[in-house]
Amino acid sequence: MKHSFRGLIALVSSLIALALLAGCDTNTRMSTFDTKGPIAEAQLDLFMVTVWVSLFIFVLVGAVYIVAMFKFRERKDDDRPLPVQGHGNPLIEIGLIGASILLLVIVAVPTLRAIWYTHDFPVTEESKLGAWYQGEGLSAAEEDQPLTIRVEGYQWWWGFAYPQLGITSANELIIPAGKAIRLELRSKDVIHSFWLPRIAGKVDLIPGRSNGMWIQAGDSIEDWQAKTDATGSDEELRVAYASYLQDEIHNYYYGQCAEYCGDSHARMLFRASVVSDDEFTSWVSEIKTGHQAPNDMAWEDWYATNDESPDKLTGDINEGLQLFMSRGKCATCHAVNGNPRAVGVAGPNLTKLASRQSVASGWLNHRAEDGSVDVEQQYANFFKWIKEPNTVKPGNLMWKANGGGIGELDELLTDDEIHKISLYLQTLK
Ligand code: CUA
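Residues numbered from 1 in each chain as written. Predicted model: local features only at pLDDT ≥ 70, side-chain atom pairs only at ≥ 80, totals over all residues. Heavy atoms only, no water.

1. Considering the packing of helix H10 (residues 316–325) against helix H13 (residues 415–425)
Here is step 1 of the chain: Interhelical geometry of H10 versus H13 gives an angle of 100° and a closest axis separation of 7 Å. With respect to each other, H10 and H13 are oriented roughly perpendicular. Here H10 contributes Asp316, Ile317, Glu319, Gly320, Leu321, Leu323 and Phe324 to the contact with H13, which in turn contributes Glu417, His419, Lys420, Ile421, Leu423, Tyr424 and Leu425.
Here is step 2 of the chain: Taken together, the residues of the contact of H10 with H13 sort by class into eight nonpolar, two polar and four charged. (Axes fitted to C-alpha atoms, helices over the stretch in contact; angles between N-to-C directions. Helix = DSSP H or I, 4+ residues; strand = E, 2+ residues; numbered from the N terminus. Parallel < 35°, antiparallel > 145°, perpendicular 65-115°, else oblique. Contact = heavy atoms within 4.5 Å. Nonpolar A, V, L, I, M, F, W, Y, C, P; charged D, E, K, R; others polar.)

2. Observations regarding the packing of aromatic side chains
Aromatic ring pairs are described here by two measures, namely the spacing of the ring centres and the angle between the planes.
Here is step 1 of the chain: Summed over all chains, the structure comprises 23 aromatic pairs.
Here is step 2 of the chain: With 6.4 Å between their ring centres and 70° between their planes, Tyr133 and Phe280 make a pair best called edge-to-face. With a gap of 147 residues between them, Tyr133 in the loop between helix H4 (129–132) and helix H5 (140–143) and Phe280 in helix H8 (residues 277–289) connect regions that are remote in the sequence. Pair check on accessibility: Tyr133 and Phe280 agree, each one buried.
Here is step 3 of the chain: Looking at Lys202, its charged tip hangs above the ring of Trp195, at a distance of 4.4 Å from the centre. (Phe/Tyr/Trp six-rings, centres within 6.5 Å; stacked < 30°, edge-to-face > 60°. Buried < 20%, exposed > 50% of the residue type's maximum accessible area, 1.4 Å probe, protein only. Lys NZ or Arg CZ within 6 Å of the ring centre and 35° of its normal.)

3. Some points on the pattern of salt bridges
Here is step 1 of the chain: Applying the stated rule across the entire model yields 17 salt bridges.
Here is step 2 of the chain: For Asp144, the salt bridge identified is with Lys128, shortest N-O distance 3.3 Å. On the criterion of sequence distance, the pair formed by Asp144 in the loop between H5 and strand E1 (148–154) and Lys128 in the loop between helix H3 (90–119) and H4 is long-range, its members being 16 residues apart.
Here is step 3 of the chain: Taking relative accessible area as the criterion, Lys128 reaches 15% and is therefore assigned buried. (Salt bridge = Lys/Arg side-chain N within 4 Å of Asp/Glu carboxyl O.)

4. Quick look at helix H9 (residues 299–308)
Here is step 1 of the chain: For H9, every residue scored as buried is listed here: Trp299, Trp302, Tyr303 and Asn306. Each buried residue of H9 lies within a common arc of 90° when the element is viewed along its axis, so the set occupies one face. Every exposed residue of H9 that faces more than 90 degrees away from the buried side is listed here: Glu300 and Glu308.
Here is step 2 of the chain: Those residues of H9 that are buried are in contact with H10. (Arc of directions from axis to C-beta.)

5. Thoughts on the sheet that holds strand E10 (residues 269–275)
Strand pairs in the sheet, formed through backbone hydrogen bonds, run parallel or antiparallel to each other.
Here is step 1 of the chain: Spatially, the three strands line up as an open sheet ordered E4-E10-E9, and their pairing is mixed. Looking at the sheet topology across the chains shown, the edges are occupied by strand E4 (172–176) and strand E9 (251–256). Pairs of neighbouring strands in the sheet enclose a mean axial angle of 25°, with direction left out of account.
Here is step 2 of the chain: Where E4 lies against E10, five bridges are found, and the strand directions are parallel. Counterpart to Ile174 in the pairing with E10 is Ser273. (Pairing = 2+ DSSP bridges.)

6. Overview of the pairing of E1
Here is step 1 of the chain: By the criterion of burial, E1 is predominantly enclosed, with six of the seven residues buried.
Here is step 2 of the chain: For E1 and strand E5 (residues 181–187), the ladder comprises six bridges, and the chain directions are parallel. Of the residues in E5, the one forming a bridge with Arg150 is Glu184.
Here is step 3 of the chain: For E1 and strand E2 (residues 157–162), the ladder comprises five bridges, and the chain directions are antiparallel. If you follow Tyr154 over to E2, its bridge partner there is Trp157.
Here is step 4 of the chain: Between the antiparallel neighbours E1 and E2 lie two residues.

7. Considering the sheet that holds E2
Here is step 1 of the chain: Spatially, E3-E2-E1-E5-E8 is the arrangement adopted by the five strands of the open sheet, whose pairing is mixed. Pairing within the sheet leaves two strands with one partner each, and these edge strands are strand E3 (167–170) and strand E8 (211–215). Adjacent strand axes in the sheet meet at a mean angle of 25° when their direction is disregarded.

8. Here's the deal with the pairing of E9
Here is step 1 of the chain: Most of E9 sits out of view: five of its six residues are buried.
Here is step 2 of the chain: The sheet contact formed by E9 and E10 spans six bridges and is antiparallel. From the neighbouring strand, Asn251 faces E10, where its bridge partner is Val274.

9. Here's the deal with the packing of helix H6 (residues 221–228) against helix H7 (residues 234–249)
Here is step 1 of the chain: At a closest axis distance of 11 Å, the pairing of H6 and H7 adopts a crossing angle of 90°. Regarding the angle of H6 to H7, the classification is roughly perpendicular. Within the contact between the two elements, H6 uses Ile221, Trp224 and Gln225 and H7 uses Leu237, Arg238, Ala240, Tyr241 and Tyr244.
Here is step 2 of the chain: For the contact of H6 with H7, the class distribution of residues is six nonpolar, one polar and one charged.

The structure is reproduced here in structure tokens:
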């Protein structure tokens, strides 16, 4: 009986261990062990120091415990007398206190160093906007600054504003590789936390204050050179550095809100595309320009026609836009750059929405294996998101917002209307 009970315990614990191991995914897209940048790297190094110190203590204490347990356990028919009972040994007590302090110092020194490192923005010439940003409209003072991004947390999505460049985007962060970037973190409602595991994290977004951090995807040219011992002329080094960024850093990264913030906290994801300087510059200019009206009409003409004889605007896209502007009330909360009447700020800016590879703040994915947008999946996701936002993201404001949500319309949008709105949104490339 006793035997089978032990067997049962062994079986149950191996099953639990197996179940835990099954959680070890080889997919590293959110792994803090596969770092792509100096901040995540500093955080990993610090983590490993504490792991080794803890492991050392664990093994030492565990070994003493096991030896004592087996050597001094009570055996069958044991008639040895109790050992002499002692109280206090100054040498051991002071020794153990000393050893604990030493171990704490070993952990504290790199901890402080990492805190300072991640807190102090590195001022480098390469990161100044003037050194790499090709777009227009920067003042001399701005050219002398690094790129600043204002990250705004909402229940449950992310706003990304680039104040120096005069643009706003949402849920998919676009950043240039190898540049130190300053982040200002704010919240519009409750506490959230910015976490991009392979690049940097986590810092809280707190209502009523602005927190700061800096991030950088990939090494700066100096760090890269020091790590790889690369040599050559300036020109050769630049080319080699650019191909390092291209091969190892340009990528699509996955982020997550890391502070419990209500119903859909677990679905408050975001993505980050790390791109070249040129790609970044052209992305900014496309966001600034925004979108044309359907059929390449000027917005003025489109609205004139729409106001006078809306029936003349035919086809799914035109009707989708009409629904977006009127019956669906989408433009009350969403902006689409270019469209002079779609200027809502309560929800995500939808400029170039169709170029994003997910919707609903990263929760509904339509990124294909090869990194392109899976257009059919995108349509299905748009449709699902508009049809039942409250199932996709329980508690969100698109469904119910004190009378302003699409779940509160007197007559809910029909499938045909949602179909047309989805087709219109797919034109926002
Ligand atoms: Cu936002 Cu959790």
